[in-house]
Amino acid sequence: MTIQEMLAHVDHTQLKAFATWEDIQKLCEEAVKYRTASVCIPPAYVKRVKEAYGDVLRICTVVGFPLGYSVAEAKAAEVRQALSEGCDEIDMVVNISDVKNGLYDKVREEIAGLKAICKDHILKVIVETCYLSEAEKTEMCRVVTEAGADYIKTSTGFGTGGATKEDVALFQKHIGSGVKIKAAGGVQTLADLQAFIELGCDRVGTSKAVSLCEGVPLDEDVY
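Read on for an overview of the structure. Computed from a prediction, not measured in an experiment: that's the story for all the values here. (Residues numbered from 1 in each chain as written. Predicted model: local features only at pLDDT ≥ 70, side-chain atom pairs only at ≥ 80, totals over all residues. Heavy atoms only, no water.)

Before going further, it helps to examine the packing of helix α2 (residues 21-34) against helix α3 (residues 46-53). The interhelical angle for the contact between α2 and α3, taken along N-to-C directions, is 45°, at an axis separation of 11 Å. As the angle between them shows, α2 and α3 are arranged oblique. Here α2 and α3 pass one another in a crossing that is right-handed. Residues Trp21, Ile24, Gln25, Cys28, Glu29 and Val32 of α2 form the contact with α3, whose participating residues are Arg48, Val49, Ala52 and Tyr53. Of the residues contributing to the contact of α2 with α3, the split by class is 7 nonpolar, 1 polar and 2 charged. (Axes fitted to C-alpha atoms, helices over the stretch in contact; angles between N-to-C directions. Helix = DSSP H or I, 4+ residues; strand = E, 2+ residues; numbered from the N terminus. Parallel < 35°, antiparallel > 145°, perpendicular 65-115°, else oblique. Left-handed = near helix turned anticlockwise from the far one by under 90°. Contact = heavy atoms within 4.5 Å. Nonpolar A, V, L, I, M, F, W, Y, C, P; charged D, E, K, R; others polar.)

The structure is reproduced here in structure tokens:
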């Protein structure tokens with residue numbers, strides 16, 4: 001697998017609370033240069049990135065981030081605002097407390113409601129695997145599938161742990177055929193990036209991919 005093939009699966013990410021416009025510009029310039037799948041940025045920067053980069057980049061932003069416990073109506077308002085400002089993809093955080101309380105119908109309704117607003121725009125559902133049991137992760141595969149979301153995503157990167165190969169394998173076993181997988185928060189090396197992709201992740205969210213790839217020819221097989 002070449003560097004370019006790997007980067008085509010990367011949501012190049014900058015979600016730090018103190019991210020400056022210069023940080024976001026750097027992210028976007030790298031994404032253009034290395035042709036990543038998207039940039040994943042704070043909602044407050046969506047409009048400015050759209051104005052600065054037009055249709056050169058796919059813009060992803062986060063909703064209910066990073067804790068997930070804002071009410072569904074607030075998440076819906078966030079989605080509408082992001083889409084109106086030019087966002088292409090939404091990464092939402094489920095209400096993790098609802099998951100822990102076994103309120104799967106409520107979680108499914110929230111996801112389905114946001115997907116109805118997104119329409120043809122991609123909706124990724126962050127389930128924050130580090131807080132869930134295996135049974136809860138399995139149930140969330142069912143819920144995300146039934147709600148019609150486009151992706152199930154492992155992590156925010158702000159929890160107590162990120163993506164693991166075991167969680168990706170579990171997702172592969174239990175998600176519906178129309179749902180893709182995004183891993184986030186577990187990429188430290190190029191080998192990690194390649195491993196997640198080869199395990200079946202269509203997207204990998206990371207802030208490290210470009211820095212890990214610098215100096216390596218884009219068309220060179222890495223491993």
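Right, picking up where we left off after that structure.
On to helix α6 (residues 104-118), then. Under the 1.5 Å per step criterion, the end-to-end length of α6 is 21 Å for 15 residues, consistent within 8% with the ideal 21 Å. In this structure, the buried residues of α6 make contact with α4 (72-84), β4 (89-93), α5 (96-100), β5 (122-126) and α7 (134-147). A positive backbone phi angle near 55° is found at Lys119, which sits one or two residues after α6. (Expected span 1.5 Å × (residues − 1).)

Turning our eyes to something else, we now look at the side chain of Gln4. Considering the arrangement of structural elements, one finds Gln4 in helix α1 (residues 3-7). Residue Gln4 is classed as buried on the basis of its relative accessible area, which comes to 14%. One polar contact links the side chain of Gln4 to the main-chain carbonyl oxygen of Tyr34, over a distance of 2.9 Å. (Buried < 20%, exposed > 50% of the residue type's maximum accessible area, 1.4 Å probe, protein only. Polar contact = N/O pair within 3.5 Å; in protein donor to acceptor, adjacent residues only side chain to side chain.)

Turning to the pairing of strand β2 (residues 38-41), a few remarks are in order. Burial along β2 is two-sided: the residues Ser38 and Cys40 and Val39 and Ile41 are all buried. One ladder, built from 3 bridges, connects strand β1 (residues 10-13) with β2; its direction is parallel. The residue bridging Thr13 from the neighbouring strand is Cys40, located in β2. On the question of chirality, the crossover connecting β1 to the parallel β2 by way of α2 is right-handed. Pairing between β2 and strand β3 (residues 59-63): 3 bridges, direction parallel. What sits directly across from Val39, in β3, is Ile59. As a crossover connection, the stretch from β2 through α3 into β3 is right-handed. (Pairing = 2+ DSSP bridges. Right-handed = clockwise from strand over helix to strand, strands pointing away.)

This next bit is on the packing of aromatic side chains. The full count for this structure, using the stated rule, is 2 aromatic pairs. When the centroid spacing of 5.2 Å and the interplanar angle of 85° are considered together, the rings of Phe65 and Phe158 count as edge-to-face. On the criterion of sequence distance, the pair formed by Phe65 in the loop between β3 and α4 and Phe158 in the loop between β6 (151-153) and α8 (165-174) is long-range, its members being 93 residues apart. In this structure Phe65 comes out as partly exposed when scored by relative accessible area, which is 21%. In this structure, Lys124 packs its charged tip against the face of Tyr151, placed 5.9 Å from the ring centre. (Phe/Tyr/Trp six-rings, centres within 6.5 Å; stacked < 30°, edge-to-face > 60°. Lys NZ or Arg CZ within 6 Å of the ring centre and 35° of its normal.)

Turning our eyes to something else, we now look at α2. Counted at 1.5 Å a residue, the expected span for α2 with its 14 residues is 20 Å, and the 20 Å between its end C-alpha atoms agrees. Residues Trp21, Ile24, Leu27, Cys28, Glu30, Ala31 and Tyr34 constitute the buried set of α2. Downstream of α2 by a residue or two, Arg35 has a phi angle that is positive, lying close to 55°.

This part takes up the pattern of salt bridges. As enumerated under the stated definition, the model contains 22 salt bridges in all. Glu30 is the salt-bridge partner of Lys26, the closest N and O atoms lying 2.7 Å from each other. Pair noted here: Lys26 and Glu30 are both in helix α2, with a separation of 4 residues, about one helical turn. Classification of Glu30 by relative accessible area gives buried; the value is 14%. Because the salt bridges share partners, they merge into one network encompassing Asp11, Arg58, Glu89, Asp91, Lys124, Lys153, Lys182, Asp202 and Arg203. (Salt bridge = Lys/Arg side-chain N within 4 Å of Asp/Glu carboxyl O.)

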